[in-house]
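In case you want the letters, here they are:
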Amino acid sequence: MPVLDRSSNRAHGREEIREAKVVTVDGLHFPHVRQVVRIRRKRRRIGTKKWAVDAVYSVTDLAAEQATAAEIAAWARGHWIIENTVHWTKDVTFAEDTSHIRRHHTPAVMTALRDLVRSAVRLAAWANTASGRRAHTRPETALTIHGIP
């Protein structure tokens, strides 16, 4: 199967090459699948010789006329924007994965509050959520309730 899309990138101290192969399928025992995708990634730190290689497989219900290999590869790459801006922030900045809150509706409420704080910090033009959170939780800048710090 030929490589239908190839891209390379150098950023964040590493070099990456991504190759996408897409094949149209019919009669697969998986509902609504129209195309199967394999994205092969080769990465290495700049200045080293050893490459790390992995492959990711995916399926889509879009026909070849609706989504080209380049579009599918771009969508797969774009998924990491969500991972880096939302999930990573929740996991690292707010330590959501280590939370011991487990009763009733409290986990959902805490998730909503974390999302509210993340959005407020972003709307306040902070480029870094952790920095914005720290700046607003310092004792000298924290809100006071009824005159009590």
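Here the structure is a predicted model, which means the values were calculated and not measured.

(A) Structural context of the pairing of strand β3 (residues 35-45). Pairing analysis gives 11 bridges linking strand β2 (residues 14-24) to β3, with the strands arranged antiparallel. Its bridge partner being in β3, Ala20 is matched across the sheet by Ile39. Sheet topology note: the β3/strand β4 (residues 52-60) ladder contains 9 bridges and is antiparallel. Paired with Arg41 across the bridge in β4 is Asp54. In textbook terms, the turn of a hairpin is the stretch between consecutive antiparallel strands, and for β3 and β4 this stretch comprises 6 residues, one of which, Gly47, has a positive phi near 100 degrees.

(B) Representation of the sheet that holds strand β1 (residues 5-11) within the structure. On the basis of which strands lie adjacent, the open sheet formed by 4 strands has the order β1-β2-β3-β4 and antiparallel pairing. The open sheet has two free edges, formed respectively by β1 and β4, since each of these has just one partner strand. The mean inter-strand angle of the sheet, taken between neighbouring strand axes irrespective of direction, is 15 degrees. Its contacts with the sheet put helix α1 (residues 69-93) on β1, β2, β3 and β4, and the angle it makes with β2 is roughly 130 degrees.

(C) Structural detail: the pattern of salt bridges. In this structure the tally under the stated criterion is 10 salt bridges. A salt bridge links Arg43 to Asp54, with the shortest nitrogen-to-oxygen separation between them at 3.4 Å. Separated by 11 residues along the polypeptide, Arg43 in strand β3 and Asp54 in strand β4 bring together distant segments of the chain. Residue Arg43 is classed as partly exposed on the basis of its relative accessible area of 27%. With relative accessibility at 25%, the residue Asp54 sits in the partly exposed group. It is possible to trace a salt-bridge network through shared partners that takes in Arg6, Glu19 and Arg40.

(D) Spatial organisation of α1. With 25 residues, α1 ought to run about 36 Å at 1.5 Å a step, and its terminal C-alpha atoms sit 35 Å apart, in line with that. Roughly 35 degrees is the biggest bend found in α1, and it falls at Glu83. When α1 is considered as a whole, its buried residues turn out to be Ala69, Ile72, Ala73, Thr89, Lys90 and Thr93. In this fold, the buried residues of α1 make contact with β1, β2, β3, β4, α2 (106-123) and α3 (129-135).

(E) View of the confidence of the model for the chain. Overall, the prediction assigns the chain a mean pLDDT of 82, with 92% of residues at 70 or greater. Looking over the chain, one finds the lowest element-wise mean pLDDT in α3, namely 77, and the highest in β3, namely 93.

(F) Inspection of the side chain of Arg118 at higher detail. Topologically, Arg118 is positioned in helix α2. Here Arg118 falls in the buried class, since its relative accessible area comes to 15%. Here Arg118 is in contact with Thr85, Val86, Thr89, Phe94 and Thr129, once residues within four sequence places are set aside.

(G) Just the pairing of β1, in detail. Here 7 bridges tie β1 to β2, and the two strands are oriented antiparallel to one another. The partner of Ser8 across the bridge, within β2, is Ile17.

(H) Broad picture of α2. Helix length check: α2, at 18 residues, gives a terminal C-alpha distance of 25 Å against a target of 26 Å (1.5 Å per residue), a fit within 8%. Buried residues belonging to α2 abut α1 and α3. Ala125 sits one or two positions beyond α2 and adopts a positive phi of about 70 degrees.

Rules of the game
Residues numbered from 1 in each chain as written. Predicted model: local features only at pLDDT ≥ 70, side-chain atom pairs only at ≥ 80, totals over all residues. Heavy atoms only, no water. Pairing = 2+ DSSP bridges. Helix = DSSP H or I, 4+ residues; strand = E, 2+ residues; numbered from the N terminus. Axes fitted to C-alpha atoms, helices over the stretch in contact; angles between N-to-C directions. Contact = heavy atoms within 4.5 Å. Salt bridge = Lys/Arg side-chain N within 4 Å of Asp/Glu carboxyl O. Buried < 20%, exposed > 50% of the residue type's maximum accessible area, 1.4 Å probe, protein only. Expected span 1.5 Å × (residues − 1). Bend = angle between axes of the 7 residues up to and from the residue. pLDDT = per-residue confidence, 0-100.

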